[in-house]
Amino acid sequence: GEPRDAERLWLDKNENTDPVQTALVRNVVASLNPATLHCYPEPEPLYRKLSEHTGLNAENLLLSAGSDGAIRAAFEAYIEPGDTVVYTSPTFAMYAVYGKIYGADCRALAYRPSNNGPVLLATDVVDAISDAQPKMVCLPNPDSPTGTTFDGLEMRAIIEAAARCGALMLVDEAYYPFHKETVLPWVKDYDHLIVTRSTGKAWGLAGVRIGYAAASSDIARNLHKVRA
């Protein structure tokens, strides 16, 4: 197709328009050693920094091509044809796409309409998990495009509902820290929990295509086996 007009502001690819953050990114990029562009990268320093940032061991982390890459790795590592996957509707479109790619039985939990917009309660999610007995549950917090959020008590109820039926619980925190509540430290407590994050939203680095997953060391090891 025809290339887009670079002089226009399109606002559909996570464009960063904040002048202070843009200046910060520009300075960081300008400080890079040009040799960085001429060889395959060495990820260990970034894993070390990410470990310090998250408070987790490097063995609990997976770098990926955006949070999307971490989500796909979870599907590839754990979902086989016929496995049930539960996710909300509407939500991040790639859950349904990866569900089809890996032959999952996809169960979309629909938001209810109301005068105040789409509504989905934590009890709805818990009930859907109990009914479907899925292999994996996918839940962005906040959800997109609805902006729905679940607090810590609600997230714990949902995560523990997934544990009771032996499901993998994938919590997508792509919008952290716009929404400051996080369950990422909980990967130390729940061995079925995967938390994915992105640098393309709050950090304004969509073009870098870096995200990551945090999980127990056993899950992280399986995700590494299928990493791109």
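All of these numbers come straight from a predicted model, not from anything done at the bench.

J.: Teacher, can you tell me more about the packing of aromatic side chains here?
T.: Each aromatic ring pair is specified by the distance between its two centres and by the angle formed by the two planes. As enumerated under the stated definition, the model contains four aromatic pairs in all. Ring centres 5.9 Å apart and planes at 50° place the aromatic pair Phe75 and Tyr98 in the tilted group. On the criterion of sequence distance, the pair formed by Phe75 in helix α3 (residues 66-78) and Tyr98 in helix α4 (residues 94-101) is long-range, its members being 23 residues apart. Exposure remark for Phe75: the relative accessible area of 0% places this residue in the buried category. Through a chain of ring-to-ring contacts, the aromatic side chains of Tyr87, Phe92 and Tyr95 assemble into a single cluster. The residue whose ring lies beneath Arg156 is Trp186, and the NZ or CZ to ring-centre distance is 4.0 Å.

J.: How should I be thinking about the sheet that holds strand β7 (residues 211-215) in this particular structure?
T.: The strands making up a sheet associate through backbone hydrogen bonding, with each pair oriented either parallel or antiparallel. Here seven strands make up an open sheet; going across it, the order is β1-β7-β6-β5-β4-β2-β3 and the pairing mixed. This sheet does not close on itself; its edge strands, each paired only once, are β1 (61-64) and β3 (105-110). Across the sheet, the axes of successive neighbouring strands diverge by a mean angle of 20°, strand direction being ignored. The pairing of strand β2 (residues 84-89) with β3 spans six bridges and is parallel. Bridge pairing in β3 places Val85 opposite Cys106. Packing against the sheet, α3 makes contact with β1, β2, β4 (136-140), β5 (168-172), β6 (193-198) and β7, and its axis sits at approximately 155° to β6. On the sheet, helix α6 (residues 152-164) packs against β4, β5 and β6 and is oriented at approximately 150° with respect to β5.

J.: Is there a simple way to think about the pattern of salt bridges in this case?
T.: Where charged atoms from two side chains of opposite charge approach closely, those side chains can pair. Here the structure, examined in full by the defined rule, presents eight salt bridges. For Asp12, the salt bridge identified is with Arg4, shortest N-O distance 2.9 Å. Between Asp105 and Arg107 there is a salt bridge, with its nearest N and O atoms 2.9 Å apart. Of the residues examined, Asp105 reaches a relative accessible area of 29% and is grouped as partly exposed.

J.: Teacher, can you tell me more about the pairing of β1 here?
T.: Consecutive side chains along a regular strand alternate between the two faces of the sheet. A two-sided burial pattern is seen for β1, the buried positions comprising Leu61 and Leu63 on one face and Leu62 and Ser64 on the other. Inspection of the sheet shows β1 paired to β7 by four bridges, in the antiparallel sense. Across the sheet, residue Leu61 finds its bridge partner in β7, namely Ala214.

J.: Hey, could you run me through the side chain of Ser67 in this one?
T.: Structurally, Ser67 can be placed in helix α3. Non-local contacts of Ser67, meaning those with residues more than four positions away in its chain, are made with Asp172, Ala174, Thr196, Arg197, Ser198 and Gly211.

J.: What is the right way to look at the pairing of β6 in this model?
T.: The element β6 is extensively covered by neighbouring structure, given that six of its six residues are classed as buried. Across the two faces of β6 the burial is the same, with Leu193, Val195 and Arg197 and Ile194, Thr196 and Ser198 all buried. For β5 and β6, the ladder comprises four bridges, and the chain directions are parallel. Within β6, the position partnered with Met169 by the bridge is Leu193. In the sheet, β6 pairs with β7 via five bridges, with the strands oriented antiparallel. Its bridge partner being in β7, Arg197 is matched across the sheet by Tyr212.

J.: Any chance you could explain the nonpolar core here in plain terms?
T.: In a soluble, globular protein the nonpolar side chains are often hidden away together inside. Within the largest apolar cluster, 57 residues are counted, with the highest numbers of intra-cluster contacts made by Phe75, Met136, Ile158, Met169, Leu193, Ile194 and Leu223. If one sorts the elements of this core by residue count, α3 sits on top with six residues. Not counting chain neighbours up to four residues away, the residues in contact with Phe75 comprise Val85, Tyr95, Tyr98, Gly99, Tyr102, Met136 and Cys138.

About the criteria used
- Residues numbered from 1 in each chain as written.
- Predicted model: local features only at pLDDT ≥ 70, side-chain atom pairs only at ≥ 80, totals over all residues.
- Heavy atoms only, no water.
- Phe/Tyr/Trp six-rings, centres within 6.5 Å; stacked < 30°, edge-to-face > 60°.
- Helix = DSSP H or I, 4+ residues; strand = E, 2+ residues; numbered from the N terminus.
- Buried < 20%, exposed > 50% of the residue type's maximum accessible area, 1.4 Å probe, protein only.
- Lys NZ or Arg CZ within 6 Å of the ring centre and 35° of its normal.
- Pairing = 2+ DSSP bridges.
- Axes fitted to C-alpha atoms, helices over the stretch in contact; angles between N-to-C directions.
- Contact = heavy atoms within 4.5 Å.
- Salt bridge = Lys/Arg side-chain N within 4 Å of Asp/Glu carboxyl O.
- Core = buried A, V, L, I, M, F, W, Y, C linked by side-chain atoms within 4.5 Å.

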